Amino acid sequence: MSNLKKVIMVEFSQEELHRFVESEKCRCQSIYKGKGFTVYVRSQVDADVINIFAFDNVSARTKVVTEKIYQKNLKFAVEKSAEKNRFIDFNEYVISLPSSKENPEQVDFSAARLYRKKGAVIGTISPKVLHLGKEHCSKLVVINHKLIIICNYYATKVLCVIEDELRVIPLNVAEQLLRTLDLNRKTLEGLVASYHLEDWTFQNGLLINERTMSVPSALQFYFYKSCRRGKQVDTIKANMDFTKLLKILSRKENGDGQISYIDSKHI
């Protein structure tokens, strides 16, 4: 398990943040809305300029009777705002990526932040992700809100969240995950039951062994499918359109690029 830190702000209590976002004093540059969360971007609080994350997992007015329950039911998280921030809606998580006015087309992974929506938990950024440094944001493609692909002329990196940590994963693992992204939850649970020795667990919607990086293979899937003869089972991507995928990843955009969200069904 990764070493998690709960978002308990010293300067701003949960109650203070709730009153602030609900009051007329709430002054922010913009509001970013994602699935299950809202970010009040560049909010001015006295001399501080901050991003306030409000998660929908719990009401701010929930009655808290113990410290343990409080730790699991935080609604707000706060970070110091950059000159420009981009936010990736990443299924069970939110990723905050800062950039500067001088280079708005870049994002800085060395200062990235990861938040788990449930409980407002700060996750970990792995050393390999931190070492990515600054990347051109038009090269960031998010597939099914579960995989981030960074494609440059010199390297291709794939990121996902495992055990509350944003990690770089091997390309061969990423390729197989791309083949199985369309499988529904019932099929994935069937694979877990059929190959229990693999120790696969659900990681932000992906099936993976966090220690060995093992993921369901095509051969395992077809063995599983053959054992369920007569029963409807969805299918993996036997043939992916790699030409189309490379075109998506290597496209060039002028100026201030944006995060691109892609559905795996279109690959």
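J.: What am I meant to see in unusual backbone geometry here?
T.: Glycine aside, the phi torsion of most residues is negative, and most peptide linkages are trans. Located in the positive-phi region is His145, a residue other than glycine, with phi close to 60°. Inspection of the secondary structure assignment puts His145 in the loop between strand S13 (140–143) and strand S14 (147–151). Residue class for His145 comes out partly exposed when judged on its relative accessible area of 33%. A positive phi angle is found at Met213, which is not glycine, with a value near 65°. Structurally, Met213 can be placed in the loop between strand S18 (206–208) and helix H6 (218–227).

J.: Could you clarify how one ought to interpret the nonpolar core in this entry?
T.: Among the nonpolar cores identified, the biggest contains 24 residues, and Ile143, Leu147, Ile169, Val173, Leu177 and Leu178 are the most heavily contacted of them. Here this core gets four residues from one element, more than from any other, and that element is helix H4 (residues 171–180). Setting aside residues up to four positions removed in sequence, Leu177 forms contacts with Leu147, Ile169, Leu206, Leu207 and Val215.

J.: Explanation requested: the environment of Ile52 in the structure shown.
T.: Residue position: Ile52 is located in strand S4 (residues 48–55). By relative accessible area, which is 0% here, Ile52 ends up buried. Taking the C-alpha atoms as reference points, Ile52 and Ala77, 25 residues apart in sequence, are found 6.0 Å from one another. Ignoring anything within four residues of it in the chain, the contact list for Ile52 reads Leu17, Phe20, Val21, Thr38, Val39, Tyr40, Ser43, Phe76 and Ala77.

J.: Sorry if this is basic, but what is going on with H6 here?
T.: Since the α-helix packs 3.6 residues into each turn, any two residues three or four apart lie on the same face. Those residues of H6 not exposed but buried are Gln220, Phe221 and Tyr224. All buried residues of H6 fall inside an arc of 100° around its axis, so they share one side. Away from its buried face, by an angle of more than 90 degrees, H6 presents the exposed residues Leu219 and Phe223. Taken together, the buried residues of H6 touch helix H5 (185–194).

J.: Could you clarify how one ought to interpret the sheet that holds strand S15 (residues 156–162) in this entry?
T.: In a beta sheet, neighbouring strands pair by backbone hydrogen bonds and run either parallel or antiparallel. Ordered in space as S11-S16-S15-S14-S13-S19, the six strands form an open sheet in which the pairing is mixed. Only two strands of the sheet have a single partner each, and these edge strands are strand S11 (124–125) and strand S19 (260–262). The pairing of S14 with S15 spans four bridges and is antiparallel. For Cys151, the partnering residue across the bridge sits in S15 and is Thr156. Contacts from H4 reach S13, S14, S15 and strand S16 (165–169) within the one sheet, and its direction differs from that of S16 by about 105°. Against the sheet, helix H7 (residues 242–250) touches S13, S14 and S19, its axis set at about 130° to S13.

J.: What am I meant to see in the environment of Leu130 here?
T.: Residue placement: Leu130 occurs in helix H3 (residues 127–130). Exposure remark for Leu130: the relative accessible area of 32% places this residue in the partly exposed category. Distance from Leu130 to Asp108, taken between C-alpha atoms, is 8.5 Å for residues 22 residues apart in sequence. Excluding residues within four positions of it along the chain, Leu130 makes contact with Phe109, Ser110 and Ile125.

J.: What should I look at first to understand the sheet that holds strand S5 (residues 76–80) in this one?
T.: Read across the sheet, four strands follow the order S2-S3-S4-S5 without closing on themselves; strand pairing throughout is antiparallel. Strands at the two margins of the open sheet, each flanked by one partner only, are strand S2 (30–34) and S5. Mean inter-strand twist for the sheet, computed between neighbouring axes without regard to direction, equals 20°. Here seven bridges tie strand S3 (residues 37–45) to S4, and the two strands are oriented antiparallel to one another. Counted as the bridge partner of Ser43 is Ile50 from S4. Running over the sheet, helix H1 (residues 14–22) touches S3, S4 and S5 and is turned about 85° from S5.

J.: What is the right way to read the pairing of S15 from this model?
T.: Put simply, side chains in a regular strand alternate between the two faces of the sheet. Extensive coverage of S15 is indicated by the burial of five of its seven residues. Two strands pair when backbone bridges link them, and S15 and S16 are joined in this way by five bridges, in the antiparallel orientation. Each residue of the ladder has a partner; that of Cys160, found in S16, is Arg167. What sits between the antiparallel neighbours S15 and S16 is a turn of two residues, in which Glu163 has the positive phi angle 55°.

Parameters and conventions
Residues numbered from 1 in each chain as written. Predicted model: local features only at pLDDT ≥ 70, side-chain atom pairs only at ≥ 80, totals over all residues. Heavy atoms only, no water. Helix = DSSP H or I, 4+ residues; strand = E, 2+ residues; numbered from the N terminus. Buried < 20%, exposed > 50% of the residue type's maximum accessible area, 1.4 Å probe, protein only. Core = buried A, V, L, I, M, F, W, Y, C linked by side-chain atoms within 4.5 Å. Contact = heavy atoms within 4.5 Å. Arc of directions from axis to C-beta. Pairing = 2+ DSSP bridges. Axes fitted to C-alpha atoms, helices over the stretch in contact; angles between N-to-C directions.

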